[in-house]
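# Observations on the three-dimensional arrangement
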Amino acid sequence: MRTATIAAIVLLALAPAGARACLNEMATDRAGRAYEVDGRVGESLVWSLTHPYRDAEMDRFLIEQTRKEPSFRNLNNIGVLLIRQGKLDVAVRHFRTVEGLFPGRPQTAANLGTALELAGQDKEALHWIRTGLQRDPREHYGSEWLHVRILEAKVAAAGNPAYFRRHSIVGLVFGPGLVPAFPRKLPGGNDGKPLLPSWLDSSLEYQLHERIGLVAAPDPVVANLLMDWATLHLSGGSMETAKALYNLATTYGAPRDALTRQRIAHIDRVLAKAKKKPTPGEPDCRLCGWD
């Protein structure tokens, strides 16, 4: 069975894998003060989310290596390739086989959960994502708590199209004002303890980078997450990023309601004023992790 499974998989067509780069860019806080960000800002961030890096040559190398050595590492990476190719039924069968060959690995649980979710089996997917988190509390750079929340929300939303318009997947509460205060209560991370703002920001970036590369617009989950992420930046981060994320959220189906339009117009005014004459003083970025 092992030989047949591997042979079937390595003969599949190639699809590219994703990667990210780390850069330093300039941003503007809610008061118009400039500051440096360890990463991407605004439209640059959105471009990186929506244009994952692909390398067909690396995929060919992976298949060749797996033929020579069907190790856990290679078989796991082949399964990820299957997911990116959209061969979800094959990917589910593949990861079930990998779990039997190399039981108890957190990577298998996480990847099987992802394949099941994309195949529309949210309840079983939630079981495996929770299993992966139990096997390794550091799973996916501390962001897997958000994948659990996404699946819990999808299960709760079954048969209720309005669910994502009324509930925050992340669990954030913002005021209705033009520029709301930064949320007082943040969700618990992989260890259940409240996240630092910078870790919440990085969790949203990691999970959305992976998800946007796998699902097409419109998508209510992505829209919900992007709206919260945009408002987080409006209340305590980069104005450029807040505007870009609001616009991307509408691409994924979020309504461009009156409040969203007013917030984007406010951001434009802040950025225009800062371009003419930046506000002096220390920047206020709750999401930057400076404290």
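Chains are numbered independently. Their residues run from 1 in the order of the written sequence. Under the rules for a predicted model, residues below a pLDDT of 70 receive no local features and side-chain atom pairs below 80 are neither given nor counted, while totals for whole chains, interfaces and linings still include all residues. Heavy atoms from the whole structure form the basis of all side-chain values; hydrogens and water molecules are not counted.

## Notes on the confidence of the model for the protein chain
You can read pLDDT as the predictor saying how much it trusts each residue, on a scale of 0 to 100. For the protein chain, the average pLDDT comes to 91, and 92% of its residues sit at 70 or higher. Should any heavy atoms of two residues lie within 4.5 Å, those residues are counted as being in contact. Predicted confidence for residues 1-22 stays below pLDDT 50, and this span has 51 contacts to residues more than four positions away or in other chains.

## Here we look at the state of the cysteines
A covalent bond between the sulfur atoms of two cysteines is what we call a disulfide. Two cysteine sulfurs form a disulfide in these notes if their separation is within 2.5 Å. One pass over the full model with this rule turns up 1 disulfide. One disulfide in the model links C285 with C288; its S-S distance is 2.0 Å. Linking C285 and C288, the disulfide has an S-S dihedral of approximately 80° and is accordingly described as right-handed. Relative accessible area decides the class of each residue, using a 1.4 Å probe on protein chains only: under 20% of the type maximum gives buried, over 50% gives exposed, and in between gives partly exposed. Judged by its relative accessible area of 8%, C285 falls in the buried class.

## Remarks on the pattern of salt bridges
Salt bridge, as used here: a side-chain nitrogen of Lys or Arg that lies within 4 Å of a carboxyl oxygen of Asp or Glu. One pass over the full model with this rule turns up 11 salt bridges. Put simply, R84 and E210 hold a salt bridge, and the shortest N to O gap is 3.4 Å. In this pair, R84 is assigned in helix α4 (residues 72-85) and E210 in helix α11 (residues 197-212), connecting sequence segments 126 residues apart. Take R84: its relative accessible area is 24%, and that puts it in the partly exposed class. According to the relative accessible area criterion, E210 is partly exposed, its value standing at 27%. The secondary structure listing takes helices from DSSP runs of H or I that are at least 4 residues long and strands from runs of E that are at least 2 residues long, numbered from the N terminus.

## Considering the pairing of strand β1 (residues 24-28)
Sheet analysis places β1 next to strand β2 (residues 34-38), joined by 5 bridges and oriented antiparallel. Bridge assignment links A27 to a residue of β2, and that residue is Y35. When DSSP finds two or more bridges between two strands, those strands count as paired. Turn length for the β1-β2 hairpin, with the two strands adjacent in sequence and antiparallel, is 5 residues, and the turn residue G32 shows positive phi of about 90°.

## What about the environment of E144?
Looking at the secondary structure, you find E144 in helix α9 (residues 144-157). For the pair E144 and Q262, spaced 118 residues apart in sequence, the C-alpha to C-alpha distance is 33 Å. Polar contact is defined as a pair of N or O atoms within 3.5 Å, subject to the rule that within protein one atom must be able to donate a hydrogen and the other to accept it, and that residues adjacent in sequence are counted only when both atoms are side-chain atoms. A distance of 2.8 Å separates a polar atom in the side chain of E144 from a polar atom in the side chain of H140.

## A few points about the nonpolar core
The definition of a nonpolar core used throughout is a set of buried Ala, Val, Leu, Ile, Met, Phe, Trp, Tyr and Cys residues joined through side-chain atoms within 4.5 Å. Of all hydrophobic cores here, the largest spans 51 residues; its most connected members are L200, L225 and L226. The element contributing the most residues to this core is helix α12 (residues 220-236), with 10 residues. Those residues in contact with L225 that lie beyond four places of it in its chain are L146, I150, I169, V170, L204 and L208. Judged by nonpolar contacts, the second largest core, of 21 residues, contains L81, L82, I83 and W128.

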